[in-house]
Amino acid sequence: MSGKSGNKFRNGSIRLQHWDYGWDAAYFITICTKDRKHFFGEVHDGEIKLSSAGVIANVLWYEILHHAKNVELGEFVVMPNHIHGIIILNGNKSPWEQSPEPEKTIGQQRFQNPGKNTISSIVGSYKSAVTKYANRRNLPFGWQPLFHDRIIRDSRSFQNISAYIQNNPRNWKEDNLN
């Protein structure tokens, strides 16, 4: 594990060690702003009113389709201090098409090269693009260093997560990221 938790430091990755994040699957992504500042706008009466940085984050999410292969986008929302979205990889490779057991786990190999068209490379490119456009317009903005993902394993989870994303602005007062 990597990063800092309280006063304890961890080494490694927060990602699943035996999962290749380039494999075909649906992924629920959450990316927070630096210090969870409200760079993207505010919620009023259950609706998000986007700032200029929020508009950039919104528009550039859909540009992912033009910059990554074999990608579909599910539900997406920009909130005041984070985004939620579903990225679906379809047509890369499946978890059932694994090569023989490597000496290192997939997670250990990830530190050598995250690979093209992986969740990390797609999210990294998105974060970079939003930062670049915000900086060009001298907008106050920053991302937290990491992002959270969850592999969506079945249609019921996909439906529940999609509904959660759709309803996030209406439920902002109860949101743990508020």
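What counts, and at which threshold
Residues numbered from 1 in each chain as written. Predicted model: local features only at pLDDT ≥ 70, side-chain atom pairs only at ≥ 80, totals over all residues. Heavy atoms only, no water. pLDDT = per-residue confidence, 0-100. Contact = heavy atoms within 4.5 Å. Buried < 20%, exposed > 50% of the residue type's maximum accessible area, 1.4 Å probe, protein only. Helix = DSSP H or I, 4+ residues; strand = E, 2+ residues; numbered from the N terminus. Pairing = 2+ DSSP bridges. Patch = residues over 30% accessible without salt bridge, like charges linked within 9 Å, V, L, I, M, F, W, Y side chains within 5 Å. Areas by Shrake-Rupley, 256 points an atom, 1.4 Å probe, with all protein chains shown as cover. Salt bridge = Lys/Arg side-chain N within 4 Å of Asp/Glu carboxyl O. Core = buried A, V, L, I, M, F, W, Y, C linked by side-chain atoms within 4.5 Å. Polar contact = N/O pair within 3.5 Å; in protein donor to acceptor, adjacent residues only side chain to side chain. Axes fitted to C-alpha atoms, helices over the stretch in contact; angles between N-to-C directions. Parallel < 35°, antiparallel > 145°, perpendicular 65-115°, else oblique. Left-handed = near helix turned anticlockwise from the far one by under 90°. Nonpolar A, V, L, I, M, F, W, Y, C, P; charged D, E, K, R; others polar.

### Here's the deal with the confidence of the model for the protein
- Looking at the protein, the pLDDT average stands at 84 and 76% of residues meet or exceed 70.
- Long-range and interchain partners of residues 1-13, a stretch whose pLDDT sits below 50, account for 18 contacts in this model, where long-range means more than four residues apart.

### Digging into the pairing of strand β7 (residues 82-89)
- For β7, the tally of buried residues reaches eight of eight residues, placing the bulk of the element in the interior.
- Burial along β7 is two-sided: the face carrying H82, H84, I86 and I88 and the face carrying I83, G85, I87 and L89 are both buried.
- Here strand β3 (residues 25-32) pairs with β7 via eight bridges, running antiparallel. Within β7, the residue paired with I31 across the bridge is I83.
- In the sheet, strand β6 (residues 71-78) pairs with β7 via six bridges, with the strands oriented antiparallel. Its bridge partner being in β7, V77 is matched across the sheet by H84.
- The antiparallel hairpin formed by β6 and β7 contains three residues in its connecting segment.

### A few points about a nonpolar patch on the surface
- A contiguous nonpolar surface patch, about 210 Å² in accessible area, is contributed by L50, V55 and V59.
- Considering the arrangement of structural elements, one finds V59 in helix α1 (residues 52-67).
- Exposure remark for V59: the relative accessible area of 45% places this residue in the partly exposed category.

### Focus: the nonpolar core
- Of all hydrophobic cores here, the largest spans 31 residues; its most connected members are Y27, F40, I87, I119 and Y126.
- Listing elements by their share of this core, those giving two or more residues are β3, α1, β6, β7 and α3 (119-136).

### Considering the side chain of H82
- For H82, the location among the structural elements is in strand β7.
- A polar contact is formed between the side chain of H82 and the side chain of N81, at a distance of 2.7 Å.
- Dropping the residues within four chain positions of it, H82 is found in contact with T30, I31, C32, T33, F40, V77, N168, W172, D175 and L177.

### Observations regarding the pattern of salt bridges
- The full count for this structure, using the stated rule, is one salt bridge.
- A salt bridge links K49 to E47; the shortest N-O distance between them is 3.5 Å.

### A short note on the packing of α1 against α3
- Following both chains from N to C, one finds α1 and α3 inclined at 140 degrees, their axes separated by 10 Å at the closest point. As judged from the angle between their axes, α1 and α3 are oblique. When the axes of α1 and α3 are compared, the crossing they make is right-handed. Facing I56, A57, L60, W61 and I64 of α1, the residues of α3 in contact are I122, Y126, A129, V130, Y133 and A134.
- The residue makeup of the contact of α1 with α3, split by class, is 11 nonpolar, no polar and no charged.

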